[in-house]
Amino acid sequence: MLLRYRGGEGMIAWAFHRISGVAIWAFVLLHVVDIYLVGGDPELYDEVLKVYASFPGRIMEVLLGAALLYHALNGLRIIVMDFWPPLTRYHRALWYGCWAIFTAVGLPVAYEIMAPVYGWPEFFR
Amino acid sequence: MRYSRSGRPKPQGGGRETAVWYLMRLTGLALFVLALAHYLILHFVFDPADQDVDFITNARWNQLFWRAFDWTLLMMVLFHGFMGVRTIITDYAHRPRVRAATLTVLYLLGAVLFVLGTNVVMTLPTPGAR
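A quick note: this is a predicted structure, and the numbers were derived from the prediction, not measured.

Conventions used here
- Residues numbered from 1 in each chain as written.
- Chains lettered and ligands numbered in written order.
- Predicted model: local features only at pLDDT ≥ 70, side-chain atom pairs only at ≥ 80, totals over all residues.
- Heavy atoms only, no water.
- Helix = DSSP H or I, 4+ residues; strand = E, 2+ residues; numbered from the N terminus.
- Contact = heavy atoms within 4.5 Å.
- Phe/Tyr/Trp six-rings, centres within 6.5 Å; stacked < 30°, edge-to-face > 60°.
- Core = buried A, V, L, I, M, F, W, Y, C linked by side-chain atoms within 4.5 Å.
- Buried < 20%, exposed > 50% of the residue type's maximum accessible area, 1.4 Å probe, protein only.
- Patch = residues over 30% accessible without salt bridge, like charges linked within 9 Å, V, L, I, M, F, W, Y side chains within 5 Å.
- Areas by Shrake-Rupley, 256 points an atom, 1.4 Å probe, with all protein chains shown as cover.
- Salt bridge = Lys/Arg side-chain N within 4 Å of Asp/Glu carboxyl O.
- Axes fitted to C-alpha atoms, helices over the stretch in contact; angles between N-to-C directions.
- Left-handed = near helix turned anticlockwise from the far one by under 90°.
- Nonpolar A, V, L, I, M, F, W, Y, C, P; charged D, E, K, R; others polar.

Caption draft 1: Layout of the side chain of S20 of chain A. Its place among the elements puts S20 of chain A in helix α1 (residues 8-40). Once residues within four sequence positions are removed from consideration, S20 of chain A is found in contact with A67, Y70 and H71 of chain A.

Below is the structure:
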């Protein structure tokens, strides 16, 4: 659908917003249950945390952060256009602005999250 | 026509659907601050390898502020997330009985998360759950 329907940036922004939203929602289901384990089954919670801190766990963590950051920035863009409709004509520029912030903030954070796995120097601590 | 690129058009009429449309944006703004702060603190400032039950009971939920923060975050994310998924379900499930059944499951799931999350954040003893 993304490749065939030529809706341009607005349509891709919408599709990414949906996909990232559902992904975050799915993680929230997991996360509320795992936090419940802190009281319900502390030993199991510690086991789950070890999975989160593993290499595949950190990859998922970075993907979650990417979904969260995109959804947050594009959500702000939607709010801006909803309440100041004349700015809708700049929707493309706003979308590219989202990606600029996404890259500038996301790459250092992703680097730092993955650092312990690779033993990279930790610049941020 | 009022529309937005990638956003849902505001339902007219001023009823419940219009209220949900405004609340999606209001909770979205709250989550921009709360969810991003939560992620930065617990995935960036503190490493997950250093976190366990004792970290939560002795370094996070020993402070009322962080319990209130996390519960507010939960309330915002439950509304925003479940109303968002509701929009997607109504977009794709057209047959009335399928739609009603799917939405019922969705709301039940939301209620379960509300109970689980509220229960643990309100009742976890400090310090130490074990």
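Caption draft 2: Geometry of the packing of aromatic side chains. Evaluation of the coordinates by the stated rule reveals 14 aromatic pairs over all chains. An aromatic cluster of at least three residues, connected via ring pairs, comprises F16, Y70, W95, Y96, W99 and F102 of chain A.

Caption draft 3: Expanded view of the nonpolar core. Formed by 50 residues in total, the largest nonpolar core has its most connected members in Y45 of chain A together with I56, W61 and L106 of chain B. Among the secondary structure elements, those contributing two or more residues to this core are α1, α2 (42-53), α3 (55-83) and α4 (91-118) of chain A together with α1 (16-45), α2 (53-60), α3 (64-92) and α4 (96-123) of chain B. Of all the elements, α3 of chain B adds the most residues to this core, at 10 residues. In this structure L106 of chain B touches W25 of chain A together with F82, V85, R86 and I89 of chain B, once residues within four positions along its chain are discounted.

Caption draft 4: Structural view of the environment of L107 of chain A. Note on placement: L107 of chain A falls in helix α4. For the pair formed by L107 of chain A and N74 of chain A, sequence separation is 33 residues and the distance between their alpha carbons is 18 Å.

Caption draft 5: Region of interest: a nonpolar patch on the surface. All names here are of chain A. Residues F55, I59, M60, L63, V117 and Y118 make up a contiguous nonpolar surface patch of about 560 Å² in total accessible area. Mapped by element, the contributors of at least two residues to the nonpolar patch are α3 and α4. Per-element tally for the nonpolar patch: the top contributor is α3, with 4 residues. Along the chain, Y118 turns up in helix α4.

Caption draft 6: Examining the packing of α1 of chain A against α4 of chain B more closely. Interhelical geometry of α1 of chain A versus α4 of chain B gives an angle of 35° and a closest axis separation of 9 Å. For the element pair α1 of chain A and α4 of chain B, the recorded crossing hand is left-handed. Residues W25, V28, L29, V32, V33, I35, Y36 and G39 of chain A of α1 of chain A lie in contact with α4 of chain B, whose contacting residues are L106, L109, L113, L116, G117, N119 and V120 of chain B. Its residues assigned to classes, the contact of α1 of chain A with α4 of chain B comprises 12 nonpolar, 3 polar and no charged.

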